[in-house]
Amino acid sequence: MRARTQGARAIDCPRSRYPVRVYVAETFLSLQGEGLLVGLPSFFIRTSGCNLRCTWCDTPYTSWAPEGERRGVDEMVAAACSSGADHVVVTGGEPLLQREIGSLTRALRAAGLHVTVETAGTLAPDFVCSLLSVSPKTANSDPGGRFRSRHRRLRTDLVPLATLLDRHPEHQIKFVVRGADDMPEILTLLNELGHRRCDRVLLMAEGRTASEVDARSGEVAALCLAHGFRYTPRLHLDLFGGGRGV
Ligand code: SF4
């Protein structure tokens, strides 16, 4: 479902109150593909730029080779309001890198929209959201080469992650899982965070295509059963095959 435009929402979208800009790779209307709100029509604002370099990153155009343009907060709020969706997902890249993340999220909430912010949890700036969706990265994400040490240092610093979870009690934690070998690290991380809400912990199979996810889904489902975590599909891959704009 690419950039489907519906009638304007009956909302007074604020205009010209937020004359600031955010580096954006793409915006589009689709179905939320992962997490507690899977299947909900949502307007996505994908910011560009990331401080991590996951080896399996499925949006390299926001991390390894970031691209996009500076777009006004007003413009994006207006686009979200006219999309017809009640839900907005601010994702990346790493949206918390954007200096104007607070202005953007406040403007979206002021327009009456449900705002999910998706982050890897390595930064803790001030912003608002209806649902915080954190995807801490584990060793299976580590790249080789010159980014390796910085990537590991950032992903293993739990201070920003703990701060975010404390500030945003309405949250979910999603882990990208390749197999049972990932579980000791995930369980250790949750234990260090003191996180006990298993129903808010979701496991999803690593893969950039539906067939790659399918190949791991059985093992990941078994891990959810064994540990009491929630399984999340990657619906956008099943329905649209992945790629940009979904
Ligand atoms: S945190 Fe997300 S956007 Fe950044 S490199 Fe990892 S998967 Fe890609």
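Use the structure listed above.
These numbers come from a predicted model, not from an experiment.

## Notes on the pairing of strand E6 (residues 131-134)
Here is step 1: Residues Leu131 and Ser133 line one face of E6 and the alternating positions Leu132 and Val134 line the opposite face, and both faces are buried.
Here is step 2: Pairing between strand E5 (residues 114-119) and E6: four bridges, direction parallel. Bridge assignment links Glu118 to a residue of E6, and that residue is Ser133.
Here is step 3: Where E6 and strand E7 (residues 171-177) come together, three bridges link them in parallel fashion. Bridge pairing links Ser133 to Gln172 in E7.

## Considerations on the site of the ligand
Here is step 1: What surrounds the ligand is the set Cys50, Leu52, Arg53, Cys54, Trp56, Cys57, Thr59, Thr62, Ser63, Gly93 and Lys137.
Here is step 2: Taken together, the residues that form the shell around the ligand break down as five nonpolar, four polar and two charged.

## A closer look at helix H2 (residues 101-110)
Here is step 1: Those residues of H2 not exposed but buried are Ile101, Gly102, Leu104, Thr105, Ala107 and Leu108.
Here is step 2: Of the surrounding elements, those touching the buried residues of H2 are strand E2 (41-47), helix H1 (73-82), strand E4 (87-91) and E5.
Here is step 3: Within two residues after H2, Gly112 carries a phi angle of roughly 85 degrees, on the positive side.

## Structural notes on the side chain of Ser141
Here is step 1: One can find Ser141 in the loop between E6 and helix H3 (148-156).
Here is step 2: At 2.9 Å, the side chain of Ser141 forms a polar contact with the side chain of His151.
Here is step 3: Sequence-distant contacts of Ser141, that is, excluding residues within four places in its chain, are made with Arg53, Cys54, Thr55, Trp56, His151 and Arg155.

## Concerning the environment of Ser42
Here is step 1: Along the chain, Ser42 turns up in strand E2.
Here is step 2: According to the relative accessible area criterion, Ser42 is buried, its value standing at 2%.
Here is step 3: Taking the C-alpha atoms as reference points, Ser42 and Asp214, 172 residues apart in sequence, are found 24 Å from one another.
Here is step 4: If sequence neighbours within four positions are ignored, Ser42 has contacts with Phe28, Leu29, Ser30, Gln32, Ala85, His87 and Val89.
Here is step 5: One polar contact links the side chain of Ser42 to the main-chain carbonyl oxygen of Leu40, over a distance of 2.9 Å.

## With respect to the packing of aromatic side chains
Here is step 1: Evaluation of the coordinates by the stated rule reveals two aromatic pairs.
Here is step 2: For the pair Phe28 and Phe44, a centre-to-centre distance of 4.9 Å together with 5 degrees between the ring planes defines the contact as stacked. Here Phe28 is found in strand E1 (residues 21-31), whereas its partner Phe44 is found in strand E2, with 16 residues between them in sequence.
Here is step 3: Exposure remark for Phe44: the relative accessible area of 6% places this residue in the buried category.
Here is step 4: Centre to centre, the rings of Trp64 and Phe147 are 5.3 Å apart; their planes meet at 90 degrees, and the pair counts as edge-to-face. Taken together, the residues Trp64 in the loop between E2 and strand E3 (69-72) and Phe147 in the loop between E6 and H3 connect sequence positions 83 residues apart.
Here is step 5: Residue classification places Phe147 among the buried positions, given a relative accessible area of 15%.
Here is step 6: Here Arg244 stacks its cationic end above the ring of Tyr61, 3.9 Å away from the centre of that ring.

## Focus: the environment of Leu104
Here is step 1: With respect to the helices and strands, Leu104 occurs in helix H2.
Here is step 2: Among the residues examined, Leu104 registers a relative accessible area of 0% and is labelled buried.
Here is step 3: The sequence separation of Leu104 and Asp74 amounts to 30 residues, and the corresponding C-alpha distance is 8.4 Å.
Here is step 4: The residues contacting Leu104, other than those within four sequence positions of it, are Ile45, Val73, Met76 and Val90.

## A closer look at the environment of Gly72
Here is step 1: Looking at where Gly72 falls in the secondary structure, it is placed in strand E3.
Here is step 2: In this structure Gly72 comes out as buried when scored by relative accessible area, which is 9%.
Here is step 3: In sequence terms Gly72 and Val24 are 48 residues apart; their C-alpha atoms lie 9.5 Å from each other.
Here is step 4: Setting aside residues no more than four positions away along its own chain, Gly72 makes contact with Val20 and Arg21.

## Remarks on the nonpolar core
Here is step 1: Counting residues in hydrophobic clusters, the biggest one holds 44 residues, and the most contacted among them are Ile45, Val88, Val90, Leu108, Phe127, Phe175 and Leu203.
Here is step 2: It is H1 that provides the largest number of residues to this core, a total of five residues.
Here is step 3: In this view, Leu203 contacts Phe175, Val177, Met183, Ile186, Val220, Leu223, Cys224, Phe229, Arg230, Tyr231 and Thr232; residues no more than four positions away in its chain are not counted.
Here is step 4: One finds Cys54, Cys57, Val176 and Met204 within the second-largest nonpolar core, a separate group that totals five residues.

What counts, and where the lines are drawn
- Residues numbered from 1 in each chain as written.
- Predicted model: local features only at pLDDT ≥ 70, side-chain atom pairs only at ≥ 80, totals over all residues.
- Heavy atoms only, no water.
- Buried < 20%, exposed > 50% of the residue type's maximum accessible area, 1.4 Å probe, protein only.
- Helix = DSSP H or I, 4+ residues; strand = E, 2+ residues; numbered from the N terminus.
- Pairing = 2+ DSSP bridges.
- Near = heavy atom within 4 Å.
- Nonpolar A, V, L, I, M, F, W, Y, C, P; charged D, E, K, R; others polar.
- Contact = heavy atoms within 4.5 Å.
- Polar contact = N/O pair within 3.5 Å; in protein donor to acceptor, adjacent residues only side chain to side chain.
- Phe/Tyr/Trp six-rings, centres within 6.5 Å; stacked < 30°, edge-to-face > 60°.
- Lys NZ or Arg CZ within 6 Å of the ring centre and 35° of its normal.
- Core = buried A, V, L, I, M, F, W, Y, C linked by side-chain atoms within 4.5 Å.

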